[in-house]
Amino acid sequence: VRRGRADRSRGPGRTADGHEVKLLVNIGSAAELRGEEAAGAEGVGLFRTELLFLDRTTAPGIEEQSRAYAEVFAAVGGRPVVIRTLDAGADKPLPFLDQAGEPNPALGVRGLRIARRRPEGLRTQLHAIELAARRTGADVRVMAPMVATAAEAGEFATTARGAGLDTVGVMVEVPAAALRARRLLEKVDFLSVGTNDLSQYAFAADRQCGDLADLLDPWQPALLELIAGCATAGRTRGRPVGVCGEAAADPLLAVVLAGLGVGSLSMSPRALAPVRAALAAHSLADCERLAALALAADDAEQARAAVRREARPAP
Ligand code: PEP
Ligand code: MG
């Protein structure tokens, strides 16, 4: 009995009737994997690689990158890890990219778009990732940020596979990509919805702008509808679709996401236990009913209130 109790704090999340939802963590360094909270995750759903590139006048080389990634892959300890290629741009400026002066940084050359000007930077990073994966024997998947079209997804997949990485995905952060999720899944193996940026672009609301917090609220039904479309595409194509933005860390919203058909939720380590408890309190049918209530609301506040009224307390 004691072992059963311990097992429930690790591995996949489960609804009350046993439907599995993978629970993963978002990290930026190996240090974030230490500690009891992260130990409960099934793997890493988002390894942000920006840290290594900050405050540098030149990009780190293949060997330096590979060592940094290998440190994280080793710390993951046999669990799968999704590493994201560099997500920089004028909104997250890096000195060596020399990008000052874009009038609309969030709409500019950021994320995968950097590779338009500097394809060698992406290739170096992918080779460093492959090298680190080979050195550690880790189960590594790679994904690109800020993908807008199926063609971009296809080009990224070709480049990543050419570097020897065989499980390739893209983030869905741009509404155009969400609308074409089925087509993206013809090119890549999985999708990961980044709700922070997907909100920003769907609502035309700068994610740094506090005055627009109500529009950026991840309970917005329009955001949920975009996620639902991605989840349906995943089911149609038989390929995994997860969420790795902040939405996944809200326990009640996690229940709604499960009801929309999302297969994995990636969050900061401290959110794992409350999300796990909320899922365990609801059957899959409950999750689907709550998701329908949220989709039927007119704004985020109404969606949250409707779901809160009907949700079951966590055990
Ligand atoms: C997101 O946009 O939801 C995301 C996970 O990426 P980041 O927060 O790093 O932009
Ligand atoms: Mg993002």
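Everything that follows concerns the structure shown earlier in this document.
Residues numbered from 1 in each chain as written. Chains lettered and ligands numbered in written order. Predicted model: local features only at pLDDT ≥ 70, side-chain atom pairs only at ≥ 80, totals over all residues.

Moving on, we come to the overall build of the protein chain. The number of helices and strands found in the protein chain is 15 helices and nine strands. Taken over C-alpha atoms, the radius of gyration comes to 19 Å for the protein chain, in line with the 20 Å a tight globule of 315 residues would show. With the C-alpha coordinates aligned to their principal axes, the bounding extent of the protein chain is approximately 55 × 50 × 35 Å. Residue burial in the protein chain is summarised as follows: out of 315 residues, 47% are buried. Residue pairs at least 24 apart in sequence account for 67% of intrachain contacts in the protein chain once pairs closer than 6 positions are excluded. (Helix = DSSP H or I, 4+ residues; strand = E, 2+ residues; numbered from the N terminus. Rg over C-alpha atoms; globule rule 2.2 N^0.38 Å. Buried ≥ 20, exposed ≤ 12 C-beta atoms within 10 Å, placed from the backbone. Contact = placed C-beta atoms within 7 Å.)

The next subject is the pairing of strand E2 (residues 20-27). Note on strand geometry: in a regular strand, side chains alternate between the two faces of the sheet. When you tally the buried positions in E2, you get six out of eight residues, the bulk of the element. As paired strands, strand E1 (residues 13-14) and E2 are joined by two bridges and run antiparallel to one another. Looking at the pairing, Gly13 lines up with Val21 of E2. Both E2 and strand E9 (residues 264-267) contribute to a ladder of four bridges, which runs parallel. Bridging from a neighbouring strand, Leu23 pairs with Leu265 of E9. (Pairing = 2+ DSSP bridges.)

Turning our eyes to something else, we now look at helix H6 (residues 150-162). For H6, spanning 13 residues, the distance from its first C-alpha to its last is 18 Å, which sits close to the expected 18 Å at 1.5 Å a residue. All of the buried residues along H6 are Ala150, Glu152, Ala153, Phe156, Ala157, Thr159 and Ala160. Buried residues along H6 sit in contact with helix H5 (119-136), strand E5 (140-144), strand E6 (168-172) and helix H8 (181-184). Gly164 occupies a position one or two residues after H6 and carries a positive phi of about 95°. (Expected span 1.5 Å × (residues − 1).)

This part is about the environment of Leu252. Of note, Leu252 is situated in helix H12 (residues 251-260). Taking C-alpha positions, Leu252 is 7.6 Å from Val275, a pair spaced 23 residues apart along the chain. With sequence-adjacent residues up to four places away left out, Leu252 is seen in contact with Ala278, Val307, Arg308 and Ala311.

Moving on: the nonpolar core. The nonpolar side chains of soluble globular proteins are, as a tendency, buried together. Val147, Ile227, Cys230, Leu257 and Leu265 are the most contacted members of the largest nonpolar core, which totals 101 residues. A per-element tally of this core places helix H11 (residues 221-237) first, with eight residues. Discounting chain neighbours no more than four positions away, the residues touching Leu257 are Ile227, Val243, Ala247, Ala248, Val262 and Leu265. (Core = buried A, V, L, I, M, F, W, Y, C linked by C-beta atoms within 7 Å.)

Taken together, Leu46, Arg48, Asp87, Glu173, Gly194, Thr195, Asn196, Asp197, Cys244 and Gly245 make up the full set of residues adjacent to ligand 1. Taken together, the elements giving at least two residues each to the shell around ligand 1 come down to strand E3 (44-48) and helix H9 (195-202). At three residues, the largest contribution of residues to the shell around ligand 1 is made by H9. Residue composition of the shell around ligand 1, by class: two nonpolar, four polar and four charged. (Near = placed C-beta within 6 Å. Nonpolar A, V, L, I, M, F, W, Y, C, P; charged D, E, K, R; others polar.)

So, about the environment of Tyr69. Along the polypeptide, Tyr69 turns up in helix H3 (residues 62-76). Considering only alpha carbons, one finds Tyr69 and Glu288, 219 residues apart in sequence, at a separation of 38 Å. Excluding residues that lie within four positions of it along the chain, Tyr69 makes contacts with Ile83, Ala128, Ile129 and Ala132.

Further remarks concern unusual backbone geometry. Comment: phi is negative for the bulk of residues other than glycine, and the bulk of peptide bonds are trans. Despite not being glycine, Met146 shows a phi value in the positive range, around 60°. For Met146, the position within the fold is in the loop between E5 and H6. Owing to 23 C-beta atoms within 10 Å, Met146 belongs among the buried residues under this scheme. One non-glycine residue, Ala204, lies in positive phi territory at about 50°. Among the secondary structure elements, Ala204 is positioned in the loop between H9 and helix H10 (213-216).

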